[in-house]
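Structure at a glance
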Amino acid sequence: MKTRQATIDDAADISAFLKELVDLGKRTRPWEEAFVRDHYIANPDGIRCSVAVDDDGMILGMQALSRATEGNAYGVTPGWGIIGTHVKPSAARRGVGKALFAATIKAAMDAGIRSIDASIGAANAEGLAYYEAMGFHTYRTPDRKICKLFEVPLAADRNA
């Protein structure tokens with residue numbers, strides 16, 4: 001498995017597995033190609049949208065990092081990062097999320113992001129466990145959500 005920057009050409013494949021997540025009751029947000037393109041791959045506030053691919057180039061998961069702006073939908077402090085992670089159901093428990101997060105942390109460091117928010121549905125046990133495993137901790141709990149925070153190490157810290 002390897003990670004790379006997502007491209008517009010990936011929108012259909014990402015959309016397809018997001019629809020699988022919707023059908024399984026694991027996602028409630030939109031899944032259509034236009035949404036994937038506009039909110040993940042080509043988001044004007046986006047820092048990086050990564051995909052994990054297998055040896056045949058099949059997308060196993062995606063992770064988007066964007067910069068929170070004033071009045072964002074998640075109530076995240078402007079200037080922080082906002083992360084979203086989605087793994088194809090057939091690729092679950094194979095290290096996809098861990099591989100994606102490594103690329104995201106590098107992108108956050110390069111962009112000067114010091115704090116990253118993950119807003120997860122309170123009923124999403126898999127998502128909550130994933131972010132805990134990546135080092136996030138709960139910092140607020142608005143209506144039906146649990147918001148987790150990750151403090152990004154300074155770039156100098158990664159060389160220590």
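Quick note: structure is the one above.
1. Structural notes on the sheet that holds strand E4 (residues 81-87)
Strand pairing in a sheet relies on backbone hydrogen bonds, with the paired strands running either antiparallel or parallel. The strand order across the open sheet built from 7 strands is E1-E2-E3-E4-E5-E7-E6, with neighbouring strands paired in mixed fashion. The sheet is open, and its two edges are formed by strand E1 (2-5) and strand E6 (137-140), each paired on a single side. Mean inter-strand twist for the sheet, computed between neighbouring axes without regard to direction, equals 30°. Pairing of strand E5 (residues 115-121) with strand E7 (residues 145-151) involves 7 bridges; the strand directions are antiparallel. Its bridge partner lying in E7, Ile 116 is registered against Phe 150. Each of E1, strand E2 (46-53), strand E3 (59-67), E4, E5 and E7 is contacted by helix H3 (residues 96-111), which is oriented at about 25° to E3, the strand it contacts most.

2. What to know about the pattern of salt bridges
By the definition in use, this model includes 7 salt bridges. A salt bridge links Lys 26 to Glu 126; its shortest N-O distance comes to 3.0 Å. Here the residue Lys 26 occupies a position in the loop between helix H1 (11-23) and helix H2 (33-41), and Glu 126 occupies one in helix H4 (residues 125-133), the gap between them amounting to 100 residues. Its salt-bridge partner being Asp 38, residue Arg 37 comes within 3.6 Å of it at the nearest N-O pair. For Arg 37, a relative accessible area of 31% gives the class partly exposed.

3. Comments concerning the pairing of E2
Bridge analysis of E1 against E2 gives 4 bridges, and the strand direction is antiparallel. Paired with Lys 2 across the strands is Val 53, a residue of E2. As paired elements, E2 and E3 share 7 bridges and run antiparallel to each other. In the sheet register, Ser 50 faces E3, and the bridge partner there is Gln 63. In sequence, E2 turns back onto E3 through a hairpin of 5 residues, with Gly 57 there showing a positive phi of about 85°.

4. Some thoughts on the packing of aromatic side chains
Overall, the coordinates contain 7 aromatic pairs when judged by the stated rule. Ring geometry for Trp 80 and Tyr 139: centres 5.5 Å apart, planes at 55°, overall tilted. Highlighted residues: Trp 80 in the loop between E3 and E4 and Tyr 139 in strand E6, separated in sequence by 59 residues. On the basis of relative accessibility, which here comes to 28%, the residue Tyr 139 falls in the partly exposed class. On the numbers, 5.1 Å between centres and 85° between planes, the contact of Phe 101 with Phe 150 is edge-to-face. With Phe 101 in helix H3 and Phe 150 in strand E7, the pair connects residues that are 49 residues apart, well separated along the chain. The two residues Phe 101 and Phe 150 agree in class, both being buried. Within the aromatic cluster, the residues linked to one another by ring pairs are Phe 101, Tyr 130, Tyr 131, Phe 136 and Phe 150. Directly above the ring of Trp 31 sits Lys 19, whose terminal nitrogen or CZ lies 5.4 Å from the centroid.

The rules we used
- Residues numbered from 1 in each chain as written.
- Predicted model: local features only at pLDDT ≥ 70, side-chain atom pairs only at ≥ 80, totals over all residues.
- Heavy atoms only, no water.
- Pairing = 2+ DSSP bridges.
- Helix = DSSP H or I, 4+ residues; strand = E, 2+ residues; numbered from the N terminus.
- Axes fitted to C-alpha atoms, helices over the stretch in contact; angles between N-to-C directions.
- Contact = heavy atoms within 4.5 Å.
- Salt bridge = Lys/Arg side-chain N within 4 Å of Asp/Glu carboxyl O.
- Buried < 20%, exposed > 50% of the residue type's maximum accessible area, 1.4 Å probe, protein only.
- Phe/Tyr/Trp six-rings, centres within 6.5 Å; stacked < 30°, edge-to-face > 60°.
- Lys NZ or Arg CZ within 6 Å of the ring centre and 35° of its normal.

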